[in-house]
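Chain residues, written in single-letter form:
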Amino acid sequence: MNKNLMYDVVVIGGGPAGMAAAIESYNQGAKTLLIERNEKLGGILNQCIHNGFGLQYFNEELTGPEYALRFVELLSKTKVDVLLNTFVIDINGLNVTIINEKGQTVVQAKAIVLAMGCREKTPAGIMLTGSRPVGVYTAGQVQKMVNIHGKLPGKNCVILGSGDIGLIMARRLTYEGAKVLEVLEIMPESGGLKRNIVQCLNDNNIPLKLKHTVTRVVGNTRIEGVYVAEVDGFTPKLETEKFVKCDCLILSVGLIPEVDLVKNLKLNPKTGGADVNEFRETNISGIFSCGNVLHVHDLVDNVTYESKLAGTNAAKYALGKLTHKKPFNVVAGNGIRYVSPSFGYMSEKEDLMIYFRLSSRITKSYICVKCGENEIYSKFVLAANAGEMQKIQIEKSKINGDLTVLVRGQ
Amino acid sequence: MNYDVAIIGGGIVGCAILNKLTRKNLKVVLIEKGNDVAVGASKANSSIIHAGFDCKPNTLKAKFNVRGNELTFKLAKELSVPIKQCGALVVGNDLNMVNELFNRGKANGVKGLHILNREQLLTKVPKLNENITCGLFAETSGITSAYLLTIALAEEAVINGAEVKFNTKIKKCVKNDFGYNLIADNLNINAKYVINSAGASYNEVAKILGTEQHEIEFRRGEYFLLDSNIEPLTNLTIFPLPSKFSKGVLITPTVHGQTIVGPTSYESDNTTITTVDGLNEIKEKAVNIIKDIPFNKNIRNFSGVRTICGDDFIVEKSTKKQNIINLAGICSPGLTAAPAIAEYVAENLLGFNNADKKMKKRVPYTCLHDLNEAERNKLIKRNPDYGKIICKCECVSLGEIKEALNSPLKPNSVDAIKRRVRAGMGRCQGGFCLTKVIKTISENLNISEDEVVKENKGSNFYVSNINPKK
Ligand SMILES: Cc1cc2nc3c(=O)[nH]c(=O)nc-3n(C[C@H](O)[C@H](O)[C@H](O)COP(=O)(O)OP(=O)(O)OC[C@H]3O[C@@H](n4cnc5c(N)ncnc54)[C@H](O)[C@@H]3O)c2cc1C
Ligand SMILES: Cc1cc2nc3c(=O)[nH]c(=O)nc-3n(C[C@H](O)[C@H](O)[C@H](O)COP(=O)(O)OP(=O)(O)OC[C@H]3O[C@@H](n4cnc5c(N)ncnc54)[C@H](O)[C@@H]3O)c2cc1C
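Residues numbered from 1 in each chain as written. Chains lettered and ligands numbered in written order. Predicted model: local features only at pLDDT ≥ 70, side-chain atom pairs only at ≥ 80, totals over all residues. Heavy atoms only, no water.

Enquirer: Explain the environment of B:Ala184 here, please?
Expert: Residues and elements named next belong to chain B. Tracing the backbone through its elements, the reader meets Ala-184 in strand β11 (residues 180-184). Residue class for Ala-184 comes out buried when judged on its relative accessible area of 8%. Along the chain, Ala-184 and Lys-172 lie 12 residues apart, while their C-alpha atoms are 6.9 Å from each other. Ignoring sequence-local partners within four residues, the contact set of Ala-184 consists of Thr-168, Lys-169, Ile-170 and Lys-171. (Helix = DSSP H or I, 4+ residues; strand = E, 2+ residues; numbered from the N terminus. Buried < 20%, exposed > 50% of the residue type's maximum accessible area, 1.4 Å probe, protein only. Contact = heavy atoms within 4.5 Å.)

Structure representation (structure tokens):
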């Protein structure tokens with residue numbers, strides 16, 4: 001095997017997750033390679049030209065590309081090897097098969113960090129029915145068309161799903177002279193960030209119709225419109241069906257971690273990403289995961305914190321410095337949709353960082369962590385949406401068994 | 001321009017005839033209203049090469065199916081189109097009906113039929129529903145890609161002298177000394193013979209030609225297409241026992257490693273929509289064959305429309321107009337039957353009994369996905385474009401897309417590229433590659449990105465530029 005193709009740590013994906021992981025891995029003294037399929041680093045941030053990145057991590061409001069640039073600069077000060085325009089097409093054990101203009105080859109790693117981000121749910125993912133004309137896109141596709149290619153896909157748009165990308169695109173399209181007729185959300189509350197609903201929809205007088213969905217798409221060559229109906233649970237009430245004329249339907253109905261490359265990865269059914277321990281290590285020993293490929297994040301700052309953890313621990317693993325002793329479980333209790341990680345080790349001294357999402361909106365409640373019968377953490381919350389990811393940090397000295405994260409009243 | 005034969009409609013039937021008549025050394029032109037071949041029923045079906053056991057004996061369907069099965073496997077290999085004789089099962093719990101199918105098959109001359117009990121069925125498909133007790137196994141059934149086969153038939157014909165006119169609709173047909181003068185907005189030609197293979201639009205074309213009208217009924221079939229990364233359900237095609245209207249909701253692997261579940265059979269108009277009822281019906285019926293089907297791994301719903309004229313195909317010489325051939329009601333098993341229909345039209349109806357000429361071979365598309373590491377490296381060394389991946393799900397390179405753009409039919413739409421090299425066919429459905437494919441088409445055909453279309457005329461993706469000053 002070519003010596004040049006052997007690394008302590010190989011990081012797959014050069015978005016914010018991959019960059020942070022690679023930098024930390026290098027800081028731990030590991031020989032590190034970062035692989036990115038696009039011609040530049042930054043991942044999804046490159047198409048997010050709006051503000052709102054880095055408020056926590058940098059205490060500043062940056063655009064997506066600006067946030068990415070900070071890490072590109074940090075990375076350039078390290079000796080991390082970076083391969084651009086290079087696709088990882090297979091991961092087999094700790095062997096990573098790559099393909100680029102020079103050909104196909106295998107890179108051998110002692111540890112791998114998965115940082116491939118996510119993909120968008122497609123019309124098939126929500127069983128959208130009717131015809132299949134031009135003019136039906138996912139929000140990320142439209143974001144790429146507008147922000148990267150400088151093209152408008154429609155002038156009268158309906159947005160299905162109130163995920164953040166959809167909300168951001170509602171504002172963006174309005175700025176570019178398109179009309180966003182309405183945003184439809186099947187759930188009784190929006191999954192998007194509060195600030196996005198205010199700034200993107202309310203400020204532009206775009207109606208958000210909760211408990212509504214598209215029942216069918218109309219139009220042969222081009223989309224001519226959609227039928228919209230109120231729902232009862234998830235079932236459309238057909239008597240409320242109304243035709244809305246439009247030339248573009250934009251889907252913002254969810255993101256799916258891009259885990260397909262890795263075989264035999266144990267997944268968390270709630271997140272669609274890997275099930276990990278506190279090191280962000282998957283069931284496959286030596287394979288770590290962070291960012292949107294682990295679970296979909298709404299704030300890039302959280303991606304960065306999580307990825308630094310994964311990068312550090314991947315390096316420690318590669319250098320033989322990681323111990324896995326005295327495991328304990330972390331489980332989602334009452335009011336919690338999922339927690340990540342799902343288990344930790346008492347032998348590890350670092351604080352335990354838990355990310356989680358709520359099952360639904362809460363007001364005036366406590367978020368607590370119980371260890372056995374003891375409540376070892378509690379925080380009062382005035383109000384929090386299900387759409388916003390939560391994060392808590394627990395000192396290891398307080399842990400002597402399995403943990404449950406839960407919501408309780410007074 | 002003068003031609004021996006003009007064919008109207010470029011589905012599998014029109015293209016099989018184009019190919020056959022080119023082999024007979026005739027000057028042939030195909031006239032298609034769409035922007036590519038295989039844009040009608042031939043792009044949305046189950047792509048099964050049926051064995052022929054369920055057609056009523058002594059019908060054209062039975063005759064052309066059994067002959068077509070044999071010809072299709074031969075043709076697909078010659079044309080380097082993916083095809084697999086994986087066999088098919090018809091399963092249920094009515095042994096009488098299984099016996100009847102077996103006997104019908106025998107009467108139709110189908111070889112390789114076997115009646116199996118549950119134990120024997122389980123060795124072929126371990127996941128069969130527990131209610132299934134018996135079935136018929138047909139060795140000669142197989143799977144292909146209907147649109148790739150259609151494209152390949154047309155490509156080989158074009159390489160050997162045939163012509164194809166896209167975006168062309170004949171408006172007038174006048175008898176003249178040569179034969180017929182056919183006039184469209186963008187075309188004015190003469191042909192000695194005219195063939196109506198316009199599928200669902202048979203009557204519309206017949207009206208212009210002045211030939212027989214036939215009573216046509218449409219039945220739509222909807223589908224699920226499941227991701228290639230699911231745990232395989234079956235490696236052969238499985239049908240339920242057939243009903244009066246259709247062969248039922250089947251489960252089959254595709255030649256590209258995905259799984260198809262469907263179709264329904266609803267009376268409909270000629271539009272390829274999908275419906276909530278239709279998709280739910282598929283879910284309900286398919287579990288009678290295999291219980292746990294991961295419908296959450298659905299990557300595409302689609303539908304196709306069957307054109308039906310009574311109980312049989314209509315393959316006839318017009319009695320109203322000399323030297324015009326009517327092809328109507330070519331529903332299932334029309335894909336399988338197409339080469340046999342073409343042979344019959346060329347040799348029996350038109351009387352060209354001369355031996356087929358030797359054809360220049362078509363070059364199959366490079367498929368990076370199917371190559372091993374050494375082959376890929378050789379290819380990328382020759383042309384680095386093959387190392388630039390554009391479609392992540394199906395692993396399609398820039399080199400392959402450029403190759404398709406330069407292929408014999410000169411396709412120019414995103415869907416035409418998708419059919420040829422599979423860019424956008426995978427689980428993200430073009431979420432990742434669509435804008436890149438649009439850009440590649442624009443750069444290589446020297447047209448603006450605004451002019452790039454999804455499929456037919458008018459299906460442009462972009463409506464305007466973003467004001468750069470904003
Ligand atoms: C539209 C949108 C708006 C957002 N708005 C905000 C906001 O306002 N504020 C905020 O804080 N956060 C926001 N976020 C969230 C945050 O930016 C993302 O969660 C974060 O960028 C995810 O980072 P990542 O590195 O995990 O994934 P990505 O940024 O998606 O990076 C993944 C990288 O991996 C590469 N890759 C994938 N597969 C392969 C492979 N096989 N081989 C090689 N490379 C590969 C990809 O090309 C990509 O560069 C937004 C997210 C989106 C999508
Ligand atoms: C749901 C479904 C499942 C099926 N499954 C199978 C199967 O598994 N196996 C099998 O053997 N068969 C199957 N079939 C049948 C098979 O798909 C059809 O028999 C076959 O595709 C018909 O081909 P065609 O060329 O007659 O029609 P088409 O493919 O519809 O071609 C007609 C062409 O004519 C063009 N056209 C129309 N009007 C004009 C005009 N005025 N001028 C120029 N061009 C015109 C159209 O654009 C089109 O390209 C299935 C059919 C359906 C609908």
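Next comes the rest of the description.
Enquirer: How should I be thinking about the interface of chain B and chain A in this particular structure?
Expert: It is common to give the size of an interface as the accessible area lost on bringing the parts into contact. Taken together, the contacts link 54 residues of chain B with 44 residues of chain A. Between chain B and chain A, the buried area comes to about 4,000 Å², and carbon and sulfur atoms account for 56% of it. Our enumeration of links across chain B and chain A arrives at 20 residue pairs in polar contact (both at pLDDT 80 or more). Those elements that place two or more of their residues in the side of chain B that touches chain A are α7 (276-286), β18 (298-308), α9 (373-382), α12 (434-445) and β23 (464-465) of chain B. At 6 residues, β18(B) tops the list of elements feeding residues into the side of chain B that touches chain A. For the side of chain B that touches chain A, a count of residues per class yields 18 nonpolar, 22 polar and 14 charged. Sheet analysis places strand β11 (residues 151-152) of chain A next to β23(B), joined by 2 bridges and oriented antiparallel. If you follow A:Leu152 over to β23(B), its bridge partner there is B:Ser464. (Buried area = accessible area lost by both parts, 1.4 Å probe. Polar contact = N/O pair within 3.5 Å; in protein donor to acceptor, adjacent residues only side chain to side chain. Nonpolar A, V, L, I, M, F, W, Y, C, P; charged D, E, K, R; others polar. Pairing = 2+ DSSP bridges.)

Enquirer: What is the right way to look at the packing of aromatic side chains in this model?
Expert: Two descriptors summarise a pair of aromatic rings, namely the distance from one centre to the other and the angle between the planes of the rings. Residues and elements named next belong to chain A. By the definition in use, this model includes 16 aromatic pairs over all chains. Seen in terms of ring centroids, Tyr-67 and Phe-71 are 5.4 Å apart; in terms of plane orientation they differ by 35°. Their pairing is tilted. Taken together, the positions of Tyr-67 and Phe-71, both in helix α2 (residues 64-76) and 4 residues apart, correspond to about one turn of that helix. Residues Tyr-67 and Phe-71 agree in their burial class; the two are buried. Ring centres of Phe-279 and Tyr-345 lie 5.5 Å apart, and the angle between their planes is 10°; this geometry places the pair in the stacked category. Here Phe-279 is found in the loop between β20 (255-257) and β21 (287-289), whereas its partner Tyr-345 is found in strand β24 (residues 343-345), with 66 residues between them in sequence. The same class applies to Phe-279 and to Tyr-345, which are both buried. Members of the aromatic cluster, joined through ring pairs, are Tyr-57, Phe-58, Tyr-67, Phe-71 and Tyr-305. Against the face of Tyr-7 rests Lys-31, its NZ or CZ located 4.5 Å from the ring centre. (Phe/Tyr/Trp six-rings, centres within 6.5 Å; stacked < 30°, edge-to-face > 60°. Lys NZ or Arg CZ within 6 Å of the ring centre and 35° of its normal.)

Enquirer: Would you take a moment to explain the site of ligand 1 for this structure?
Expert: Residue and element names in this part refer to chain A. The environment of ligand 1 is made up of 34 residues, and the closest members are Ala-17, Glu-36, Gly-52, Asn-292 and Val-300. Bound to the protein, ligand 1 loses 96% of the 990 Å² it would expose on its own. Residue contributions to the shell around ligand 1 peak at 3 residues, all from helix α6 (residues 300-318). Of the residues belonging to the shell around ligand 1, the class tally is 16 nonpolar, 13 polar and 5 charged. (Near = heavy atom within 4 Å. Areas by Shrake-Rupley, 256 points an atom, 1.4 Å probe, with all protein chains shown as cover.)

Enquirer: Explanation requested: the site of ligand 2 in the structure shown.
Expert: Residue and element names in this part refer to chain B. Around ligand 2 lies a shell of 37 residues, among which Glu-32, Ser-42, Ile-48, Ile-330 and Thr-336 are the nearest. If ligand 2 stood free it would expose 1,000 Å²; the protein chains cover 95% of that surface. Of all the secondary-structure elements, those providing two or more residues to the shell around ligand 2 are α1 (12-23), β13 (217-226), β18 and α8 (334-349). When its residues are assigned to classes, the shell around ligand 2 shows 15 nonpolar, 18 polar and 4 charged. When residues of the shell around ligand 2 are assigned to domains, at least three fall in each of domain 1 (1-84 + 143-215 + 309-364) and domain 2 (88-139 + 217-305). (Domains from an automatic or database assignment.)

Enquirer: Help me understand the nonpolar core, please; the structure alone is not making it clear to me.
Expert: Nonpolar side chains in soluble globular proteins tend to be buried together. Residue and element names in this part refer to chain B. Within the largest apolar cluster, 108 residues are counted, with the highest numbers of intra-cluster contacts made by Leu-21, Ile-195 and Val-345. For this core, the element with the most residues is α8, which contributes 10 residues. For Val-345, the residues in contact, after removing those within four places along its chain, are Ile-17, Ile-195, Val-315, Ile-325, Leu-327 and Leu-350. Core analysis: the next-biggest nonpolar cluster, separate from the first, contains 43 residues, Leu-89, Phe-102, Ile-230 and Ile-282 among them. (Core = buried A, V, L, I, M, F, W, Y, C linked by side-chain atoms within 4.5 Å.)

Enquirer: Teacher, can you tell me more about the domain arrangement of chain B here?
Expert: Residue and element names in this part refer to chain B. Once the domains are mapped, chain B shows domain 1 (1-84 + 143-215 + 309-364), domain 2 (88-139 + 217-305) and domain 3 (368-451). The C-alpha-based centres of domain 1 and domain 3 are spaced at 29 Å. In this assembly, 16 residues from domain 1 lie in contact with 11 residues from domain 3. Interface of domain 1 and domain 3: buried area, both sides summed, is about 1,000 Å²; carbon and sulfur atoms make up 56% of it. Looking at the side of domain 1 facing domain 3, the largest losses of area belong to Asp-36, Tyr-147 and Glu-155, adding up to 40% of the total buried there. Our count for the domain 1 to domain 3 interface comes out at 2 salt bridges. Asp-36 is paired through a salt bridge with Arg-420; the nearest N and O atoms lie 2.9 Å apart. The element best represented in the side of domain 1 that touches domain 3 is helix α5 (residues 146-159), accounting for 7 residues. (Salt bridge = Lys/Arg side-chain N within 4 Å of Asp/Glu carboxyl O.)

Enquirer: Looking at this model, I keep getting lost on the pattern of salt bridges. Mind explaining?
Expert: Side chains carrying opposite charge are able to pair once their charged atoms draw close together. Applying the stated rule across the entire model yields 47 salt bridges over all chains. Across the salt bridge formed by B:Glu70 and B:Arg67, the nearest N and O atoms sit 3.3 Å from each other. Note that B:Glu70 and B:Arg67 are positioned in helix α2 (residues 60-78) at a spacing of 3 residues, about one turn of the helix. Residue B:Glu70 is classed as exposed on the basis of its relative accessible area, which comes to 52%. Measuring nitrogen to oxygen at the nearest pair gives 2.8 Å for the salt bridge that ties B:Arg419 to B:Glu455. Highlighted residues: B:Arg419 in helix α11 (residues 414-421) and B:Glu455 in the loop between α12 and β23, separated in sequence by 36 residues. Residue B:Glu455 is classed as buried on the basis of its relative accessible area, which comes to 8%. Through salt bridges that share partners, A:Arg119, A:Glu258, A:Asp260, B:Asp227, B:Lys392 and B:Arg427 make up one connected network.

Enquirer: Help me understand unusual backbone geometry in this model?
Expert: Most peptide bonds adopt trans geometry, and most residues besides glycine take a negative phi value. A cis amide bond, omega -5°, links B:Gly262 with the succeeding residue B:Pro263. Positionally, B:Pro263 belongs in the loop between β16 (259-262) and β17 (266-268). At the junction of B:Ser332 and B:Pro333, the peptide bond is cis and its omega measures out at 0° in the coordinates. The residue B:Pro333 is located in the loop between β20 (324-328) and α8 in this model. For A:Asn264, which is not a glycine, the phi torsion comes out positive at approximately 65°. By the secondary structure assignment, A:Asn264 is in the loop between β20 and β21.

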